[in-house]
Amino acid sequence: MKRLYFIVLSILFTIPVMAQKYKGKSLGDFKHLTKQDQTFIFKTSYGTAKVSLFSPDMMKISVWEGNEEKLPSYAVVMSPEKVHYKFKENKDNFIISTDSLTLEISKFPLRFTFKTPQGKIINEDDALGAYWLDGKMFTFKKLFNDEKFIGLGEKTGNLNRRGNDYTNWNTDNPHYEDWSDPLYSTIPFYIGIQNNLPYGIFVDNSTKSNFNFGAGNNRFAYFSVDDHQTEYYFIFHHNVQDIIKSYTELTGRMSMPPIWGLGFQQSRWSYTPDKEVMEVVQTFHDKKIPLDVLYLDIGYMDAYKVFTWNPVAFSHPKELISKLKNWGIHTAVIVDPGVKVEKGYSVYEEGLKYNYFIKYPDGSNYTGEVWPGWCNFPDFTNPKVRTWWGTQFKGLVDDGVTGFWNDMNEIAVWGKEVPPVIQMDWEGKGVSYLKGKNVFGMQMARSTFQGVKNLLNNKRPLVLTRSGYAGLQRYTAIWTGDNQATDDHMLLGIRLVNSFGLSGVAYAGYDAGGFGGNATPDLYARWVSIAAFSPFFRVHSAINTCRSEPWSYGEAAETVATRFIRLRYNLLPYIYSSFYTAHETGLPVQRSLSIEYTADSNIYNPEFDNQYLFGASLLIIPARSTQMALNAYFPEGEWYSFYTDEKITGSEQKLVPSPLNELPVYVKAGAIIPIQKQVENTSENSGDTLEIHIYNGNVNNEFTYYEDDGTTYNYEKGDFYKRKISFNGLKKELTLDDPEGNMKSRYRYLKLVFHGFPQKDQNKFIVNQNKVSVNNDGKKSYLTQYQQAVHDLFSITLPNMSQKLFITW
């Protein structure tokens, strides 16, 4: 009995000790402040916090225990602005205020609350605040009742992330589903919307991280990193557009892509040998199906060794690529990071000689097994390695290759796991793979982009990656990896690209038709019709699956696919101008409705999650391949059917037809849509007339029309043609401003096509104070082949003069 008493007593005393052991530690009470210009360092009883002002609407919060680790960021390219601010202190708080944002910092304990200048709470720490537990660091944020969360890059699930949690750990997941996580890339940036106040949080930490948006609790949202310190940037604006603009100012924006990279792209694992390549391209040509890029998967290489050609299957690559180029088709090739361990193989021998591969702590090279067999892997966090890798593309560039497809760069190896003890350079600072893994793919894409850009003599390359990290948009396009040929995957790809757009990545897409499995003819037709309205437009399929060229699914599917591929080329002036907007502002080409209609609760309904804007003005309503009609939601405003000009009033749901040959597409009232004539690839002359389609409405709208040569970087020197076009429906005015830039437009004439304008206005059009005649041939536009009988359509054709055009009616 006495023994039992002592056992119970021992347990009772042990429980509090164990609880204390695993309790963790929060950022403590304020002890000391150091001010350095617009940086504030707060020492506490446990841990240190630093606040840095980056702009009037952006603050950087750094919190650590022990000593601060200072590593250069691969994501951030923005330097802090000189910010006008006010600093106040009282017995309980510090207050740092800019013109746009107020940060209130409680002292006991140190916690952060972000407010508007008017005092409304935007975001605030939970009582736990910054918290360390079991080698991880957590940041707990109070969860508000109406708070929504969007973005976070390549994440499955619904538009509103609330009630879910996600892990960032770049993973080769060849059979992912609608709920799978993690996937191939990491972008630890999300947008919160609280009381109609949008804010952005970017956590610049490349270790494994977790984001919990109220999953399993109703008290807090939080993010955690496998590290002892966290750095995050807090951004506040009154709309989501400006949040994205600030985030992409912080992490960089894309260069203008080559215009041929916006055309149709055909791929398969694998088009082998060269005879098959020519047969595929010949069939596209004979059937007059537009094509700009053809991909060569791993079969083109000699035993899967990077930077080689299969000497039998592709014995004369330069001649092959030259033939494709004569047809206006660019060649893209896959390049994986694994370098085969093989004596005499020059890439391996050079990497070995100069210590360019990632290593174990004892200095021996890490070896992992992938397509070529056992491989070493370049350390792309070493600037010397990046330069060396870039030079390896010389042979491919000399052969005429212009597209470079980086795959397997998570790092993917057979057996899945790369040992965490692997060492990486990180600009000479040195880190383990635990910190380097998530940036590996991005730095590979960076090495590829910078290398081929140097080799291409001012020509723009197309670089495509499967893996990446925040800021990847500066170097590469990205696609959503190994999807499957199902309707669910078709719709999931749309949401993934929408989320990429919310996360600063405008040039993104998916494998239309599905990589794995076999699509039905209807699924293929539907998928291509949707993908025609995606930023990156490629069909790709796996070995041992059905062929996935447009003619592979029968005549009916071929007709639908060809129709939408051709429409893509008609829309290229609109698409290219939309990419210019992405280049200048960071706003995506494929836009989640949450960007424009943030406060509309209907757009967060999962039934409408798949809808999006393509550019600023085209509403795309994706339907399953089996749906011949579906319930759609139209946001506020008025919308025109793309096919009939039927007008629909917004802020309502409506059942819309969705036959395979007419994907539901609607045009926003006030839209300005430039259209070109049909071409078979972007190297063809698109004619001497640019059509500009104007959709009437009692609204104001602006569109920036943009041209350059589409292939070089001369636009950076001012060689472009840019023109702002403004529509004022209430005042009945259309203005084409004076063109900007050193180029002349490639079009000699402008054909203004007016949709939804009353017949009584036809005789009232005045251009620069001169009455002009209206043509009733508006029905004979470049869009006629896609449209049914459209009434009240007329046009005006004008010389494309380098002067302002002011049109009234």
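Just so it is clear, the structure is predicted and the values come from calculations on it, not from any experiment. (Residues numbered from 1 in each chain as written. Predicted model: local features only at pLDDT ≥ 70, side-chain atom pairs only at ≥ 80, totals over all residues. Heavy atoms only, no water.)

**Brief notes about the packing of aromatic side chains**
Part 1: For the structure on display, the rule yields 79 aromatic pairs.
Part 2: Geometrically, the ring pair formed by phenylalanine 202 and tyrosine 247 is edge-to-face, given 5.6 Å between the ring centres and 75 degrees between the ring planes. Placement of phenylalanine 202 in strand 16 (residues 197-203) and of tyrosine 247 in helix 2 (residues 240-251) is noted, with a sequence separation of 45 residues between them.
Part 3: For phenylalanine 202, a relative accessible area of 0% puts it in the buried group.
Part 4: The ring of tryptophan 169 carries lysine 437 above its face, with NZ or CZ at 5.4 Å from the centroid. (Phe/Tyr/Trp six-rings, centres within 6.5 Å; stacked < 30°, edge-to-face > 60°. Helix = DSSP H or I, 4+ residues; strand = E, 2+ residues; numbered from the N terminus. Buried < 20%, exposed > 50% of the residue type's maximum accessible area, 1.4 Å probe, protein only. Lys NZ or Arg CZ within 6 Å of the ring centre and 35° of its normal.)

**Quick word on helix 3 (residues 274-287)**
Part 1: Compared with the 20 Å implied by 1.5 Å per residue over 14 residues, the 20 Å span of helix 3 between its first and last C-alpha is a close match.
Part 2: Of the residues making up helix 3, those classed as buried are Glu276, Val277, Val280, Val281 and Phe284. Within helix 3, the buried residues cover an arc of 130 degrees as seen down the axis, which keeps them to one side. Seen from the buried face of helix 3, the exposed residues on the opposite side, beyond 90 degrees, are Lys275 and Asp286.
Part 3: Immediately downstream of helix 3, the backbone of lysine 288 shows phi near 55 degrees, a positive value. (Expected span 1.5 Å × (residues − 1). Arc of directions from axis to C-beta.)

**Considering the nonpolar core**
Part 1: Formed by 210 residues in total, the largest nonpolar core has its most connected members in Phe202, Phe533 and Leu734.
Part 2: Contacts of leucine 734, omitting those with residues within four sequence positions, involve Ile694, Ile725, Ser726, Phe727, Leu752, Phe754, Leu805, Phe806, Ile807 and Trp809.
Part 3: Counting residues in hydrophobic clusters, the runner-up holds 40 residues, among them Phe94, Leu143, Phe223 and Phe236. (Core = buried A, V, L, I, M, F, W, Y, C linked by side-chain atoms within 4.5 Å. Contact = heavy atoms within 4.5 Å.)

**What about the environment of glutamate 410?**
Part 1: By the secondary structure assignment, glutamate 410 is in the loop between strand 26 (403-406) and strand 27 (423-424).
Part 2: Accessibility expressed as a relative area gives 0% for glutamate 410, which makes it buried.
Part 3: A sequence separation of 32 residues divides glutamate 410 from methionine 442, and the C-alpha atoms of the two residues are 9.3 Å apart.
Part 4: Aside from chain neighbours lying at most four places away, what touches glutamate 410 is Asn170, Thr171, Asp172, Tyr184, Tyr433, Lys437, Arg466 and Ser467.

**Some details on the sheet that holds strand 25 (residues 373-376)**
Part 1: In space, the three strands of this open sheet follow the order 23-25-24, with antiparallel pairing throughout. For this open sheet the edge positions go to strand 23 (339-340) and strand 24 (368-370), each flanked by a neighbour on one side alone.
Part 2: As judged from the three bridges shared by strand 24 and strand 25, these two strands associate in the antiparallel manner. The residue bridging glycine 368 from the neighbouring strand is cysteine 375, located in strand 25. (Pairing = 2+ DSSP bridges.)

**Quick notes on the packing of helix 11 (residues 555-570) against helix 12 (residues 572-585)**
Part 1: Between helix 11 and helix 12, the shortest axis-to-axis distance is 5 Å and the interhelical angle comes to 60 degrees. Put simply, helix 11 runs oblique to helix 12. Taking contact as the criterion, the partners of Arg568, Tyr569 and Asn570 in helix 11 are, on helix 12, Leu572, Pro573 and Ile575.
Part 2: Of the residues belonging to the contact of helix 11 with helix 12, the class tally is four nonpolar, one polar and one charged. (Axes fitted to C-alpha atoms, helices over the stretch in contact; angles between N-to-C directions. Parallel < 35°, antiparallel > 145°, perpendicular 65-115°, else oblique. Nonpolar A, V, L, I, M, F, W, Y, C, P; charged D, E, K, R; others polar.)

**Some points on the side chain of glutamate 231**
Part 1: One can find glutamate 231 in strand 19 (residues 229-236).
Part 2: According to the relative accessible area criterion, glutamate 231 is buried, its value standing at 17%.
Part 3: Beyond its immediate stretch of four places on either side in the chain, glutamate 231 contacts Lys60, Ile61, Ser62, Glu68, Phe202, Val203 and Asp204.

**Quick look at the pattern of salt bridges**
Part 1: A full pass over the atoms with the stated rule returns 40 salt bridges.
Part 2: Lysine 288 is the salt-bridge partner of glutamate 680, the closest N and O atoms lying 3.8 Å from each other. A residue pair is termed long-range when its members are at least 10 positions apart, and glutamate 680 in the loop between strand 42 (672-675) and strand 43 (689-695) and lysine 288 in the loop between helix 3 and strand 21 (293-296) qualify at 392 residues.
Part 3: A salt bridge links arginine 624 to aspartate 488; its shortest N-O distance comes to 2.7 Å. Here arginine 624 is found in the loop between strand 36 (618-620) and strand 37 (629-634), whereas its partner aspartate 488 is found in helix 9 (residues 487-502), with 136 residues between them in sequence.
Part 4: Through salt bridges with shared partners, one network takes in Asp172, Asp407, Glu410, Arg466 and Asp482. (Salt bridge = Lys/Arg side-chain N within 4 Å of Asp/Glu carboxyl O.)

**Considering unusual backbone geometry**
Part 1: Looking along the chain, the bond that leaves aspartate 181 and enters proline 182 is cis, with omega of 0 degrees.
Part 2: By the element assignment, proline 182 lies in the loop between strand 13 (165-168) and strand 14 (185-186).
Part 3: We note that alanine 303 has phi near 55 degrees; this positive angle belongs to a residue other than glycine.
Part 4: Among the residues examined, alanine 303 registers a relative accessible area of 45% and is labelled partly exposed.
Part 5: Positive phi outside glycine occurs at lysine 732, with the angle close to 55 degrees.
Part 6: Note on placement: lysine 732 falls in the loop between strand 45 (721-728) and strand 46 (733-736).

**With respect to the pairing of strand 22 (residues 330-335)**
Part 1: Counting buried residues along strand 22, six of its six residues qualify, which places the element largely inside the surrounding structure.
Part 2: On strand 22, burial covers both faces: His330, Ala332 and Ile334 on one face and Thr331, Val333 and Val335 on the other are all buried.
Part 3: Examined bridge by bridge, strand 21 and strand 22 share four bridges and lie parallel to one another. Residue pairing for strand 22: tyrosine 295 is matched across the bridge by alanine 332.

**Concerning the side chain of aspartate 379**
Part 1: Along the chain, the position of aspartate 379 falls in the loop between strand 25 and helix 6 (383-391).
Part 2: Here aspartate 379 is buried and forms no salt bridge, its nearest opposite-charge partner arginine 386 lying at an N-O distance of 7.2 Å.
Part 3: With residues near it in sequence (within four places) discarded, aspartate 379 still touches Tyr356, Phe357, Ile358, Val385, Gln423, Met424 and Asp425. (Lys, Arg positive; Asp, Glu negative; His and termini not counted.)

**Describing the sheet that holds strand 48 (residues 766-767)**
Part 1: Pairing in this open sheet of six strands is antiparallel, and the strands run 44-45-46-51-48-49 from one edge to the other. Only two strands of the sheet have a single neighbouring strand rather than two, namely strand 44 (700-707) and strand 49 (770-771).
Part 2: The pairing of strand 45 with strand 46 spans four bridges and is classified as antiparallel. Within the sheet, the bridge partner assigned to isoleucine 725 lies in strand 46 and is leucine 736.
Part 3: Along the sheet face, helix 12 touches strand 44 and strand 45 and points at about 95 degrees away from the line of strand 44.

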